[in-house]
Amino acid sequence: MHGKAIGGPVNESCETVCRDFLRDELPELAETHLARYLALLIDHDHSHDVSAAEGSPFQCVHACSNRKESSVMALCMNLSRNGTMEAVDMLKASGARERTLVYLYSFNKVTDENGIAEAIMEAEMLRLVRNSGITAFFAVLDGRAGMGMMARIDGDRRTIEYLPF
């Protein structure tokens with residue numbers, strides 16, 4: 001890698017996780033170890049460190065080149081608003097060149113109104129990452145309505161790009 005950004009493999013892998021989630025094709029590994037699943041998808045030429053801080057509601061993948069952290073990804077599946085904000089705060093504080101949030105939310109797994117109220121929609125996600133250098137890959141599934149959506153939200157460019165799945 002020689003210090004080059006690894007955005008290509010990371011972005012493609014984050015999109016794959018979102019697509020697998022929306023198609024209900026996440027492997028069993030991803031249900032409990034989402035970060036390990038993402039790390040396996042990232043180009044094998046990069047070193048990976050998968051971690052979940054003690055008591056942290058989200059999981060992380062750190063990808064390095066030349067032993068220097070190039071990328072950090074926080075992964076959230078059906079996470080509360082507070083947990084998602086904690087993940088965004090961790091990314092904002094990171095010194096990594098590339099900071100990515102993978103946000104997955106399924107209304108199929110929520111049984112009450114309080115759980116539904118915890119979902120963050122794309123406009124609110126854009127506000128959370130605006131001017132932060134964070135890119136969010138966003139996937140929300142509502143199987144009851146037969147709908148899903150996927151977007152790439154760029155905090156620096158302040159854009160929401162809806163992606164096919």
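Our subject is the structure that appears above.
Read on for a plain summary of the structure.

The rules behind each value
- Per chain, residues are indexed from 1 in the order of the written sequence.
- Given that this is a predicted model, residues contribute local features only at a pLDDT of at least 70 and side-chain atom pairs are listed and counted only at 80 or more, while totals for whole chains, interfaces and linings are drawn from all residues.
- As a rule here, side-chain values cover all heavy atoms of the structure and leave hydrogens and water aside.
- A run of H or I in DSSP becomes a helix once it reaches four residues, and a run of E becomes a strand once it reaches two; helices and strands are each numbered from the N terminus.
- Per-residue accessibility, obtained with a 1.4 Å probe over protein chains only, is compared with the maximum for each type, and a residue is labelled buried under 20%, exposed over 50%, and partly exposed between these values.
- By definition in these notes, contact holds between two residues if any of their heavy atoms fall within 4.5 Å.
- Where accessible areas are quoted, they stem from the Shrake-Rupley method and a 1.4 Å probe; at the residue level, only the protein chains shown are allowed to cover.
- Here a salt bridge means any side-chain nitrogen of Lys or Arg lying within 4 Å of a carboxyl oxygen belonging to Asp or Glu.
- Charge assignment in this entry is limited to Lys and Arg as positive and Asp and Glu as negative, and neither His nor the chain termini are counted.
- Side-chain atoms alone can form a polar contact between residues adjacent in sequence; in general such a contact is a pair of N or O atoms within 3.5 Å, and within protein one must be able to donate a hydrogen while the other accepts it.
- Aromatic pairing here means that ring centres of Phe, Tyr or Trp (its six-membered ring) are within 6.5 Å. Orientation follows from the plane angle: under 30 degrees is stacked, over 60 is edge-to-face, and everything else is tilted.
- Each nonpolar core is a collection of buried residues, namely Ala, Val, Leu, Ile, Met, Phe, Trp, Tyr and Cys, held together in the definition by side-chain atoms within 4.5 Å.

1. A word on the overall build of the protein
Then, number 1: If you tally the helices and strands in the protein, you get six helices and seven strands.
Then, number 2: Helices and strands in the protein line up, N terminus first, as α-α-α-β-β-β-α-β-α-α-β-β-β.
Then, number 3: The proportion of buried residues among the 165 residues of the protein is 49%.
Then, number 4: Across the protein, the fraction of contacts at a sequence separation of at least 24, relative to all contacts at a separation of at least 6, is 59%.
Then, number 5: Carbon and sulfur atoms make up 48% of the accessible area of the protein, which amounts to about 8400 Å² in all.

2. Description of the pattern of salt bridges
Then, number 1: Within the structure shown, the criterion is met by four salt bridges.
Then, number 2: The partner of Arg19 in a salt bridge is Glu15, and the shortest N-O contact between them spans 3.0 Å. Pair noted here: Arg19 and Glu15 are both in helix H1 (residues 7–22), with a separation of four residues, about one helical turn.
Then, number 3: Among the salt bridges present, the one from Asp154 reaches Arg152, with a minimum N-O distance of 3.8 Å. There is no split in this pair, since Asp154 and Arg152 are both buried.
Then, number 4: Among the ionic contacts, a cluster of salt bridges with common partners joins Arg152, Asp154 and Arg157.

3. Notes on the side chain of Arg99
Then, number 1: Along the polypeptide, Arg99 turns up in strand S4 (residues 98–106).
Then, number 2: Despite its burial, Arg99 pairs with no opposite charge, the nearest such side chain being Asp156 at 6.1 Å.
Then, number 3: Among the polar contacts listed, one links the side chain of Arg99 to the backbone oxygen of Ser132, at a separation of 2.5 Å.
Then, number 4: Those residues within four positions of Arg99 in sequence are excluded, and the remaining contacts are Val72, Leu91, Lys92, Ser94, Ser132, Gly133, Ile134 and Thr135.

4. Structural notes on the packing of aromatic side chains
Then, number 1: One pass over the full model with this rule turns up three aromatic pairs.
Then, number 2: With a centroid separation of 6.2 Å and an interplanar angle of 15°, the aromatic rings of Tyr103 and Tyr105 are classed as stacked. There is no split in this pair, since Tyr103 and Tyr105 are both buried.
Then, number 3: Seen in terms of ring centroids, Tyr103 and Phe138 are 5.4 Å apart; in terms of plane orientation they differ by 15°. Their pairing is stacked. Of this pair, Tyr103 sits in strand S4 while Phe138 sits in strand S5 (residues 134–142), placing them 35 residues apart in sequence.
Then, number 4: Taking the relative accessible area as the measure of exposure, Tyr103 reaches 0% and is therefore buried.
Then, number 5: An aromatic cluster is built from Tyr103, Tyr105, Phe107 and Phe138, whose rings are joined through pairwise contacts.

5. As for unusual backbone geometry
Then, number 1: Positive phi is not limited to glycine here, since Asn131 has a value of about 55°.
Then, number 2: Of note in the backbone geometry, Arg158 takes a positive phi value of approximately 55° without being a glycine.

6. Section: the nonpolar core
Soluble globular proteins tend to bury their nonpolar side chains together.
Then, number 1: Membership of the largest hydrophobic core comes to 28 residues, with the highest contact counts inside it found for Leu101, Tyr103, Met125, Phe138 and Ile153.
Then, number 2: Secondary structure elements with two or more residues in this core: strand S3 (68–77), helix H4 (81–93), S4, helix H6 (122–129), S5 and strand S6 (147–154).
Then, number 3: Look past the residues within four positions of Tyr103 in its chain and what remains in contact with it is Cys76, Thr84, Glu118, Ala119, Ile120, Met125, Phe137, Phe138, Ala139 and Val140.
Then, number 4: Among the nonpolar cores identified, the runner-up in size contains 25 residues, and Leu34, Leu38, Ile42 and Leu163 belong to it.

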